[in-house]
Structure formats: C-alpha cells, structure tokens
Amino acid sequence: MPTKTVAEAIMTTVANYGVDTVFGIPGTHNVELYRPLKPLGLTAVTTRHEQGAGYAADAWSQRTGLPGTVITTSGPGLLNALSAVATAYCESRPMLVLSPGAPTGSQNSDVGALHETRNPTGAVGALIVESHRAASAADAVEQIHAAFELFATRRPRPFHLEIPLDILDSAGVFDESVLAAREFVPPRAAGLEEISGAVDALAGATSPMIIAGGGATSANTKVRALAEKLQAPVVTSVNGKGILPEDHPLSLGASLRFGPVLEWCNEADVLLVVGSKVGESELWGGTIERTGPTIRIDIDPGQLDMNLPGDIHLHGDSAWALGELLAGLDKAHPDLDRAPSDLTEQKRTVHECALAESPASAEIVQAIARALPPETLIAGDSSQVTYLATVNLIPAIEPGQLLYMPAYATLGYGLPAAIGGKLANPERPVCCIVGDGALMFSLQEMMTAIEQHLAITLICVDNGGYGEIRTNMLEAGIDPVGVDLAQPDWVKLAESFGFTATSVTSTADLPDVVGRHIAMTGPNFIHVKTGN
C-alpha cells in the first residue's frame, strides 16, 4: 500500500477515469495538485484567466466525452472560474473543479489570511448542485468518485471539491484499489409498459418527428437508426447540433427556433423529444403546442414534462431508451417499412429562414464556410455572427462540432473553447468565429494558443461594438449609449501576440483568405470589418 500525498491520490483517481488534460493557473495554495501531474502523464494547460480555463475545459469535454477538469487556487482563482462553472451547469455538461481551501477549523474565520473567502464552497453551491468541502483525506478521494458517478448516472453538471490545505498537503496511505476508477450504470427506469406504449405510438404514426437535444449526443447512432426506421425528420437543439449529420436526408439541422419548424413539430402525429428541455433559449419566443402524443426521453426525471408535457415518459439514459425502442419495433412490428421521406422543401424553408435572420452575417459566414473542410471544429460566442448565422449556415457532421453555449450565452467563450477543442483533437482544423465585443472578453487567451502551438484560425467579425444591444436600444427608442466601442488595430494586436494576421474588407475575398489561413500550422487571425 504505497504512501502518497492526498493531492497525488486525488489526481491519480482523476487520471484513472481517463482524464489526461487539466486546465487552470498555478497558485500559492494549489501547487500540491500540480506536483503529480507530470509523473501521472497529465498535461497542464495554463490559461491567462481562470474563466478561460473553464471555457477551454468545457469545450475539451464536448470533444472527448470526459469531464473538463479545472484546478484553481483559493479565493479569487475559484471565483474567477464561476462564469464557466455556471455555463457548464446551464448547458448540462460535466466539469470537475478542484480548489484548495482554508485549513480545517479555520473556514469563515475572517482572520486576514491570504485569499480569504468567507464561504467558497457555499458560493459555488449557490450556482450549481454539487459543491463540497472535503472532511478528510479519505473523503477527498471519495468525493472524486462521487463526481464521476454524477457524470455517468445523472444529468451531467459541474462538481466542485474544496480541499482544506491541511488535508491537501498531508501524506496518506491509499490502496491502489481505492483510487481505481469505478463502473457506474446510467438509469434504466422506464418500464415495459412505457416502452411498449412508445413503440406502438411510433409504429402507428404516419408523420412522426424527432427533437434531439444535448442529452442525446452520446446516442447519435441510435437517433439515426430510429429516424431511418421511421423515416422521421430530425430537428436538433443547438447543443444537439450534428447528432444527425446535417447533410443527411432526414436532418433539418439546429433549426428548432424557426416558425415553420415549430409548426411541423405541432403537426407531427407523434413527437419524440430526446434529451432536451425545449426551453426559451431554443425556441426564441416560439411555442410547441401539441395535439398528438408526445414521447419524452430524459436521464433527469424532472425534465420529462419540462416546458412541454410528455404523454409517455421514458426515464433513463438516452442510448439505452432508444435501443429499447429499436428492439421493440423490430420485435413487435417486424414488417414496418416506410417509404423514404422527401424533405427537400422543408430543408429549403429552413435555409431561407437562416438567410433572412441577418443577411449581412449570413453573407460573411457562407463565405467562410466555403473554405472550411467539413470536419472543421467551429467555436462560437454570444455574438450575432454566431447565433444568427454560424449555428445554421455551417453544417455539422457530428455532435460537438460546434463549440458554443446557447443557453448561458456568455461573452468570451469562443477563443478559449477553440483552444480546448484543438487540444482534444489536434488533428482537426479549428476555426473560431466571434464578434469584436466577445473577443475583448478573452483576448488574453491568444497567448495561451501561442504557448500551446495551436493552429487555430481566429476570425473577428468587427461591427464596432455590441451590435445586438445597439439594435435593442434603437427599437426601444433609446439613443444608443455605451455600445459603440473604441477598437484597437486588430491586425497589429494579433501580430503582437505572435499570430499571422490579415485584414479583410470585402466578403468576396474571404474564401481565399480563410482557405490560406485554415491550412497554416500556427495560430492565425483574420479581421473582418463589417459596414455596421
């Protein structure tokens, strides 16, 4: 039974679950968590702000299927990461956040200690569900297992563990079996009656439709198999983009917010919703008002009637539940044979809706898209160019290809997300398309891309400030204030970090410029000045 520091035991346990990359910033109180990283073969990525560490970890998680792991120091380091932690919570993504804390018995003491924070565990717990302070060395390791059990068996969300300094820095004796990864089985709670009812409803439908959300990303092959068996159109949430390749004949893309698509959902004689809350951030003020039966699949029982009541509830892991439906159809309805659906007109309608939302953004994004290989990872931000164009005009061939956060809609996500995506898939081209306002929130992470030698193409679409808020003010009869922002010389700024940089003023030039940049072997930057 080898002796280890508690910090080494914690990181060994994390590594045993397959995590090989951690994000964060070394600090006075967390150095023991960094000591075992090299011996364990873990890559430490140092961002220039803890918020960037969290966003990069979130994107890395989307590409690997593992929880993004963030190490912060105590106090300000942890609090700096909270916007990213809240993002992972809102978007239902797994994230493990490790932070040191005041020694046992001295928390909340207000004695003037370095980084003293009144109740950091409580602060994080106010934003997410699982925030814990380790009570002992054994408890610290057990909490890591509890985190991975959450990631595997419940709606994936962040888990924060605060380790008191006296525990973190101490030595202990840990049997290797205590640190070994454990097997966890996702819930499979739906009964035979519910499954057979869903099977019969789908088999009897003449115009079924499928909504696939972020909770269906790990079940993408089964979504495809069921859609093809039923010849059912598939529309995804933005987090579900690419679950069915968007060049597939049955794919309507991530277009749930468009009025005609909502009408088709309402008109379907059976609607199957897999792993989606069908919330405001997806519907943009639209509504789904069903008259026919709705089947809902979700790992979280609290979501089975969220925003849209389900007539048939299938509580469980989406891959398992869809597998049960496929098996049930094969057994109970072996002669089910649907003629191929022709969605040519529906696809054309969706494309026209996408073009109409913002013709200027659409023109830019379509020009960029013409130069990108189909396997390119796209990072977006809470920028008009992303949610009004990129989401619907750059097709995805797999889930997690668009690195974005449509519900939390935070600024500053795109660049660190591109870094996380490239670290997870170094062989894939990565293009980050963001607005100038969003880029200013995470500009410092350009240095992280340089330090990590990442061939990322960063495209800044510059409309002179906060374009959407400017429009909101004008529509409200307010003379715009605080939204027209002073701009740096973007090309010189990018070059000062070490990026190869180009400025483009004509959309017609974009395909050639993007084509050259996406083939580069180092970080590169394109500034696109719009007429706004």
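Remember, it's a predicted structure, so these values are computed and weren't measured experimentally.

A. Here's a closer look at the overall build of the protein. When you go through the protein residue by residue, the secondary structure sums to 24 helices and 19 strands. A compact globule built from 532 residues should have a C-alpha radius of gyration of about 24 Å, and the protein, at 24 Å, falls within 12% of that. Its C-alpha atoms put the protein at 70 × 60 × 45 Å along the principal axes. Burial statistics for the protein: of 532 residues in total, 56% are counted as buried. Per element, the accessible surface of the protein, about 20600 Å² overall, is 53% carbon and sulfur.

B. Here's a closer look at the pairing of strand 13 (residues 312–315). By the alternation rule, side chains of strand 13 split into Ile-312 and Leu-314, which are all buried, and His-313 and His-315, of which none is buried. The pairing of strand 12 (residues 294–298) with strand 13 spans 4 bridges and is parallel. Paired with Arg-296 across the two strands is His-313, which belongs to strand 13.

C. Local environment of the sheet that holds strand 9 (residues 208–212). If you trace the 5 strands from one edge of the open sheet to the other, you get 10-9-11-12-13, paired in parallel fashion. A strand with exactly one partner marks an edge of an open sheet, and here the two such strands are strand 10 (234–236) and strand 13. Ignoring strand direction, the axes of neighbouring strands in this sheet form an average angle of 15°. Relative to strand 11 (residues 270–274), strand 9 runs parallel, the two being bridged by 5 bridges. By the bridge assignment for strand 11, Ile-211 is matched with Val-273.

D. View of helix 23 (residues 490–497). Three or more residues of helix 23 are buried, namely Trp-490, Val-491, Ala-494 and Phe-497. The buried residues of helix 23 occupy an angular sector of 120° when projected down its axis, which confines them to one face. Residues of helix 23 that are exposed and angled more than 90 degrees away from the buried face: Lys-492 and Ser-496. Contact partners of the buried residues in helix 23: helix 20 (436–439), helix 21 (445–451), strand 17 (456–462), strand 18 (500–504) and strand 19 (524–529).

E. Geometry of unusual backbone geometry. At Gln-231, a residue that is not glycine, the phi angle is positive and equals roughly 55°. With respect to the element layout, Gln-231 can be found in the loop between helix 12 (220–230) and strand 10. A relative accessible area of 16% places Gln-231 in the buried class. Although it is not a glycine, Trp-284 sits at a positive phi angle of roughly 55°. Secondary-structure assignment places Trp-284 in the loop between helix 14 (280–283) and strand 12.

F. Summary view of the sheet that holds strand 14 (residues 377–379). Spatial strand order, 15-14-16-17-19-18: 6 strands in an open sheet with parallel pairing. Both edges of this open sheet fall to strand 15 (402–403) and strand 18, since each of them pairs with a single strand only. In this structure, strand 17 lies alongside strand 19, joined through 6 bridges in parallel fashion. Paired with Asp-462 across the bridge in strand 19 is Lys-529. Across the sheet, helix 18 (residues 384–393) touches strand 14, strand 15, strand 16 (430–435) and strand 17, and the angle it forms with strand 16 is around 140°.

G. Inspection of the pattern of salt bridges at higher detail. As enumerated under the stated definition, the model contains 18 salt bridges in all. With its nearest N and O atoms 3.7 Å apart, the salt bridge here joins Lys-4 to Glu-8. Note that Arg-182 and Glu-142 form a salt bridge whose closest N and O atoms lie 2.9 Å from each other. Residue Arg-182 is located in the loop between helix 10 (176–179) and helix 11 (192–204), and its partner Glu-142 is located in helix 8 (residues 137–153); the two are separated by 40 residues in the primary sequence. By relative accessible area, Arg-182 is classed as partly exposed at 35%. Connected through salt bridges with shared partners, the residues Lys-4, Glu-8 and Glu-176 form a single ionic network.

Each value, and the rule that gives it
- Residues numbered from 1 in each chain as written.
- Predicted model: local features only at pLDDT ≥ 70, side-chain atom pairs only at ≥ 80, totals over all residues.
- Heavy atoms only, no water.
- Helix = DSSP H or I, 4+ residues; strand = E, 2+ residues; numbered from the N terminus.
- Rg over C-alpha atoms; globule rule 2.2 N^0.38 Å.
- Buried < 20%, exposed > 50% of the residue type's maximum accessible area, 1.4 Å probe, protein only.
- Areas by Shrake-Rupley, 256 points an atom, 1.4 Å probe, with all protein chains shown as cover.
- Pairing = 2+ DSSP bridges.
- Axes fitted to C-alpha atoms, helices over the stretch in contact; angles between N-to-C directions.
- Arc of directions from axis to C-beta.
- Contact = heavy atoms within 4.5 Å.
- Salt bridge = Lys/Arg side-chain N within 4 Å of Asp/Glu carboxyl O.

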